[in-house]
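# Analysis of the macromolecular model
Below, each chain spelled out in residue letters.
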Amino acid sequence: MSSKLYGQMRASSSSVLKRLKQKNPWLSQWSRSFTTTEGHRPTMVHKRSLDILHDPWFNKGTAFTMTERDRLDLRGLLPPNVMSTEQQIERFMADLKRLEVQARDGPSDPYALAKWRILNRLHDRNETMYYNVLIANIEEYAPIVYTPTVGLVCQNYSGLFRRPRGMYFSAEDRGEMMSMVYNWPADQVDMIVVTDGSRILGLGDLGVQGIGIAIGKLDLYVAAAGINPQRVLPVMIDVGTNNEKLLKDPLYLGLQRHRLDGDEYIAVVDEFMEAVFTRWPHVTVQFEDFQSKWAFKLLQRYRTTYRMFNDDVQGTAGVAIAGLLGAVRAQGRPMIDFPKQKIVVAGAGSAGIGVLNAARKTMARMLGNNESAYESALRQFWVVDANGLITDERENIDPDALPFARKIKEIHRQGLREGASLVEVVKQVKPDVLLGLSAVGGLFSKEVLEALKCSTSTRPAIFAMSNPTKNAECTPEEAFSIVGDNIVFASGSPFKDVDLELQSKSGTRSAKFSSILGKFFAGMPSLQSVEINNNPFSVIGLGTLLSGSRIISDGMLQAAAECLAAYMSEEEVLKGVIYPSISSIRDITKEVAAAVIKESIEEDLAEGYREMDARELQKLSQEEILEYVKNNMWSPEYPTLVYKQD
Ligand SMILES: NC(=O)C1=CN([C@@H]2O[C@H](COP(=O)(O)OP(=O)(O)OC[C@H]3O[C@@H](n4cnc5c(N)ncnc54)[C@H](O)[C@@H]3O)[C@@H](O)[C@H]2O)C=CC1
Ligand SMILES: CC(=O)C(=O)O
Ligand SMILES: [Mg+2]
């Protein structure tokens, strides 16, 4: 193509772009956040021709310039019109939006799986564009790539599986993992999310199909925490499944045998950990959706030797603490009043116990951080599991739940008993907070919510944290319509906006609730409803990576929680808005990651990252740490590609 003709094409594409922007204001917003790569150092690739088009890390599709097409032997392999990134996204979005004409209602969206498929295909062919689409539309598509749709994806994975993503280590690979790990093409991996598929969201054992959760979480980490997608690795450890349906399913993709247990199970996970830390010594490994039986054991086993954390135990706890402190502030009280809160927790699994341990620790610190503070904090919790209220009369009590078992004498004085039902407990305790991590949809029934109306709090808080949407303990609509509008509400999965006719003293008014993705970067309420989800804790990964911390300490997790808690202004919190909007997720990430780095420096755990060694890190001021984080957050931009022979 002559340079004149090429120049005309560029000019015409810029006028097309202008017209597109007039028609679609969101495009202008997108292009502001998309910085040009002109003048940047080119990226060397060892591939040419079709190999590049088939590589999602390097593929730009129709956006390859004519000079690049010549340089990389792509000429003739693409339609001749060179498109701008804006045009590419416009074309893609037009396709995706076709499904949305009658489907604007989030979780019950009948096209959710179709949207996931379209996005997944884009992910397979062009990662840069995929993350541009996700970042620019995070509120809308986080519920597709993550909860609730990711749950549906995992349940249907055998049918949806097309191109493999991530790595699979199975019980059959024992003895081979140290070499297998070198089959992954990237020399650098910063973040691994690993699952054994034994407890996927609230959906139970989904075996190998649980890989979807590791993929979905990492998608958000890239979009929200600015982790480089070329350096993330979703992993499935397939030790079999105890899901009888999958064991009989001829289309099931995993090992069709019952799960390994005991020492055999540990040997597989040990081998995996050794292999990945041998090849990538600086990686952070996040354990996700392991059944509680293993979640705590593996955390104890590895946390002082490897850079790892368990998101369901520790990430959930961090975000819940931020929310619980926010709920105290929403009552117009100082955070230091947290140890006075009466908290009923439904669910004593990996997530529930993780939250309880962290809440106990936070209260104890506020009460003096001594033994008696730890003891007296325990009086603030009532824990209900599948067998009712847990007391010291319970037989075969899970050791992790043991500290929270109430003394039977004390409980009798409160008019309760071992195994008391949730509604009985709420009636007698009149709690400030009712928190659900039970995986039982509708557990906060009309009766339970009616009982909460007698709460002694000026503003009771309801955290219906179970996922996906159908497992939420109650909906915001139920909570607000039964308990009243003077509550704080947060959910684990997003709920569609609802207009409620709320009876208030001033008459009937309409309230709009919206929820967004919480845990990692919780909620985006327009009134009091918000999503609370451990997602903000991908930031732990970013903070750990950039500090080069040897391990992830309790202090680093606490620093992240406190930073998240302090993020909201007094005015917002008094309105019941206790978590920031997901649309500000990258800004929150920066702040929280900086807090994690600072803590790791203070605890003398930081060893530095790339050119920033430990000594340099220690010299950084607060502003410089923020700048350092910002400069190291990945953004989706096409690099200029230059071919280099191997
Ligand atoms: N929003 C968030 O950030 C997070 C949400 N979760 C969700 O929390 C739920 C639980 O996760 P895990 O603790 O790992 O599961 P788990 O299976 O380890 O624990 C579930 C607990 O709920 C209890 N339970 C069952 N039926 C109950 C009932 N009728 N009343 C009271 N308790 C009952 C069980 O006895 C058990 O203690 C899942 O739905 C998961 O998706 C988990 C992590 C983070
Ligand atoms: C959000 C999450 O980690 C869970 O539901 O398991
Ligand atoms: Mg999880």
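Residues numbered from 1 in each chain as written. Chains lettered and ligands numbered in written order. Predicted model: local features only at pLDDT ≥ 70, side-chain atom pairs only at ≥ 80, totals over all residues. Heavy atoms only, no water.

Looking at an unreviewed UniProt entry, the protein carries the name Malic enzyme, with the source organism given as Trema orientale. For the record of the protein, the UniProt heading Sequence similarities (unreviewed entry) holds the text "Belongs to the malic enzymes family." (UniProt positions renumbered as here; feature names shortened; annotations may be inferred.)

## So, the domain arrangement of the protein
Taken domain by domain, the protein comprises domain 1 (43-83), domain 2 (86-311), domain 3 (316-490) and domain 4 (536-632). The gap between the C-alpha centroids of domain 2 and domain 4 is 25 Å. Every contact between the two is made by 24 residues of domain 2 and, on the other side, 22 residues of domain 4. For the domain 2 and domain 4 pair, buried surface summed over both sides reaches about 1800 Å², with 57% attributable to carbon and sulfur atoms. Together, Ala224, Arg303 and Arg307 form the three largest contributors to the area buried by domain 2 at its contact with domain 4, with a combined 29%. The interface formed by domain 2 and domain 4 holds one salt bridge in total. Between arginine 303 and aspartate 554 there is a salt bridge, with the nearest N and O atoms lying 3.1 Å from each other. (Domains from an automatic or database assignment. Contact = heavy atoms within 4.5 Å. Buried area = accessible area lost by both parts, 1.4 Å probe. Salt bridge = Lys/Arg side-chain N within 4 Å of Asp/Glu carboxyl O.)

## Quick word on the packing of helix H12 (residues 211-225) against helix H26 (residues 585-602)
Packing of H12 against H26 leaves a shortest axis separation of 8 Å and a crossing angle of 85°. Overall, the two elements H12 and H26 adopt an arrangement that is roughly perpendicular. Across from Val222, Ala223, Ala224 and Ala225 in H12, the residues of H26 making contact are Ile585, Arg586 and Thr589. The residue inventory of the contact of H12 with H26, partitioned by class, reads five nonpolar, one polar and one charged. (Axes fitted to C-alpha atoms, helices over the stretch in contact; angles between N-to-C directions. Helix = DSSP H or I, 4+ residues; strand = E, 2+ residues; numbered from the N terminus. Parallel < 35°, antiparallel > 145°, perpendicular 65-115°, else oblique. Nonpolar A, V, L, I, M, F, W, Y, C, P; charged D, E, K, R; others polar.)

## A closer look at the environment of phenylalanine 463
By the secondary structure assignment, phenylalanine 463 is in strand E11 (residues 461-464). Taking relative accessible area as the criterion, phenylalanine 463 reaches 1% and is therefore assigned buried. C-alpha of phenylalanine 463 to C-alpha of leucine 53: the two residues are 410 residues apart in sequence and 46 Å apart in space. (Buried < 20%, exposed > 50% of the residue type's maximum accessible area, 1.4 Å probe, protein only.)

## Some details on a positive patch on the surface
A surface patch of like charges, here positive, comprises Arg91, Arg117, Arg121, Arg125 and Arg162. Structurally, arginine 117 can be placed in helix H6 (residues 112-125). Its relative accessible area of 38% is what places arginine 117 among the partly exposed residues. (Patch = residues over 30% accessible without salt bridge, like charges linked within 9 Å, V, L, I, M, F, W, Y side chains within 5 Å. Areas by Shrake-Rupley, 256 points an atom, 1.4 Å probe, with all protein chains shown as cover. Lys, Arg positive; Asp, Glu negative; His and termini not counted. Charge placed at Lys NZ, Arg CZ, Asp CG, Glu CD.)

## Let's talk about helix H8 (residues 138-145)
Burial analysis of H8 places six of its eight residues in the buried class, which makes it a mostly covered element. All of the buried residues in H8 are Ile138, Tyr141, Ala142, Pro143, Ile144 and Val145. Against the buried residues of H8 lie helix H5 (85-97), H6, helix H7 (127-136), helix H9 (149-155) and H12.

## With respect to the UniProt feature "active site" (unreviewed entry) in the protein
Under the present numbering, the feature "active site" (unreviewed entry) in UniProt falls on Tyr146 and Lys217. Over a stretch of 72 residues, the named residues converge on one spot in the fold, their C-alpha atoms separated by at most 6.7 Å. Locating tyrosine 146 in the fold gives a position in the loop between H8 and H9. Taking the relative accessible area as the measure of exposure, tyrosine 146 reaches 1% and is therefore buried. Tracing the sequence through the fold places lysine 217 in helix H12.

## So, the coordination of the magnesium ion (ligand 3)
Every protein donor of the magnesium ion (ligand 3) is accounted for by Glu288 (OE), Asp289 (OD) and Asp312 (OD), and the metal-donor separations fall at 2.0 to 2.1 Å. In the primary sequence, the donor residues of the magnesium ion (ligand 3) line up as E-D-x22-D. With relative accessibility at 1%, the residue glutamate 288 sits in the buried group. Given the relative accessible area of 1%, aspartate 289 is considered buried. (Donors = N, O, S within 2.8 Å, 3.2 Å for Na, K, Ca; no water.)

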